[in-house]
Amino acid sequence: MALTAGIVGLPNVGKSTLFNAITNSQVLAENYPFATIAPNVGVVEVPDERMDNLVELFHPKKVINTTFEFTDIAGLVKGASKGEGLGNQFLANIRETNAIIHVVRCFDDANIEHVEGSVDPVRDIEEINLELCMADLDTVENRIAKVLRKAQTKEKGAVEENNALQKFKEALLAGTPVRMLELSDSEKELLKNYSLLTAKPVIYVANMSEDEVSDPDQSPYYTAVKELAAKENSECIAISARMEEELSGMDKEEKKAFLDELGIRTAGLDQIIQAAYHLLGLRTFFTVGEPENRAWTFREGMKAPQCAGIIHTDFEKGFIKAEVYSYEDIMEYRTEAALREHGKLRIEGKDYVMKDGDIVFFRFNV
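Rules used in this analysis
- Residues numbered from 1 in each chain as written.
- Predicted model: local features only at pLDDT ≥ 70, side-chain atom pairs only at ≥ 80, totals over all residues.
- Heavy atoms only, no water.
- Phe/Tyr/Trp six-rings, centres within 6.5 Å; stacked < 30°, edge-to-face > 60°.
- Helix = DSSP H or I, 4+ residues; strand = E, 2+ residues; numbered from the N terminus.
- Buried < 20%, exposed > 50% of the residue type's maximum accessible area, 1.4 Å probe, protein only.
- Lys NZ or Arg CZ within 6 Å of the ring centre and 35° of its normal.
- Contact = heavy atoms within 4.5 Å.
- Core = buried A, V, L, I, M, F, W, Y, C linked by side-chain atoms within 4.5 Å.

> Explain the packing of aromatic side chains here, please?
Pairs of aromatic rings are described using the distance from one ring centre to the other and the angle between the two planes. Using the criterion set out here, one finds eight aromatic pairs in the structure. Aromatic pair Phe-168 and Tyr-194: ring centres 6.3 Å apart, planes at 70°, arrangement edge-to-face. On the criterion of sequence distance, the pair formed by Phe-168 in helix H5 (residues 158–173) and Tyr-194 in the loop between helix H6 (185–191) and strand S6 (202–207) is long-range, its members being 26 residues apart. Taking 6.0 Å as the distance between ring centres and 90° as the angle between the ring planes, the aromatic pair formed by Phe-285 and Phe-362 counts as edge-to-face. Linking Phe-285 in strand S8 (residues 282–287) with Phe-362 in strand S12 (residues 358–364), this pair joins segments that are 77 residues apart in sequence. When its relative accessible area of 6% is taken as the criterion, Phe-362 is described as buried. Site record: aromatic cluster; members linked through ring pairs are Phe-285, Trp-296, Phe-298, Phe-319 and Phe-362. Across the ring face of Trp-296, the terminal group of Arg-294 is positioned such that the distance to the ring centre comes to 4.3 Å.

Shown next, in the form of structure tokens:
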């Protein structure tokens, strides 16, 4: 699925270092067919221990994990919403993404200058949020100018749209991102038309020193970001971008040993990938067997024929049925024969809503 998260941040916060870790971890071209990877796009595998366990069961000749894209967004400076610096490029690039990974500096280092002269992660977040709010305000006011006259003449749909736009405008003038508003279903539908930057979901990434990242709650910088994220109902992940760059050059065993020594269960980059994947409502189903184990990305709520179409359009056109069992059941019973014996292998039709972790064999006829 062509969904991507844009990595944003002020200069010298560790954004480029994090993106270097992503590009060092980039999947091999043969596992990402039919795509030209642009210089500012990193395509990474979505870490999933379920696949590791399925490989032990099925011993496939080939394994293909699902993938996710990150886009490195041009650095932001004050005045971006007015086109200053790389503002126009920043706004154009971020508009094309589906979610925002906001990297915030949470470390002191006299050798790395801060653009504002001091480390203050909440101030930095508010600075970027304000630029995004101002850009959105321009979009909203331009739309109001087109809708207002129609609303005054009670043209169908115009009154409702104008009311929604006025609500967005009031929030943006107060520096409140649109994603924080409580919206009705009709307002959510209208919102889709405007590509507002502050409507995009956000994950805050607190970039810390290697010494602090194993126990982030001891850092006042991190706790300040965590509290701000909680107020927005957003996720906050602590990482050391420099350490992630080092980890990206290690194999799986070396990485595990390194993290174990630091008492860290999951690498920060893996946490970001998984969080961004789920934030966008993406889920995974599997196809398994001796030739190949493969993970496939689908949107939550998709039905079996649509998921079959992800593999090949002919599968959706000629869909007959899906043979499905869950990851949890195969881990318990160990073989497909045992699943059949215990009634855990199901036959599902066109109305079946696929679930995360489903293992499926599609039957079709074209």
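What follows picks up the thread again.
> How should I be thinking about the environment of Thr-266 in this particular structure?
Looking at the secondary structure, you find Thr-266 in the loop between helix H9 (252–262) and helix H10 (268–279). The sequence separation of Thr-266 and Lys-256 amounts to ten residues, and the corresponding C-alpha distance is 8.6 Å. Setting aside residues no more than four positions away along its own chain, Thr-266 makes contact with Leu-259 and Gln-271.

> Whenever I open this one, unusual backbone geometry confuses me. Can you help?
Peptide bonds are, in most cases, trans, and in most cases residues other than glycine have a negative phi. Positive phi outside glycine occurs at His-59, with the angle close to 45°. Turning to its location among the elements, His-59 is positioned in the loop between helix H2 (49–58) and strand S3 (62–64). Backbone geometry places Lys-154, a non-glycine residue, at a positive phi of 60°.

> Please clarify how the nonpolar core should be interpreted in this entry.
Within soluble globular proteins, side chains that are nonpolar tend to cluster in buried spots. Judged by nonpolar contacts, the single largest core of 53 residues is most densely connected at Leu-18, Phe-68, Phe-70 and Ile-101. Top contributing element to this core by residue count: H10, with six residues. Residues Leu-165, Phe-168, Leu-183 and Tyr-194 belong to the second largest nonpolar core, which totals 17 residues.

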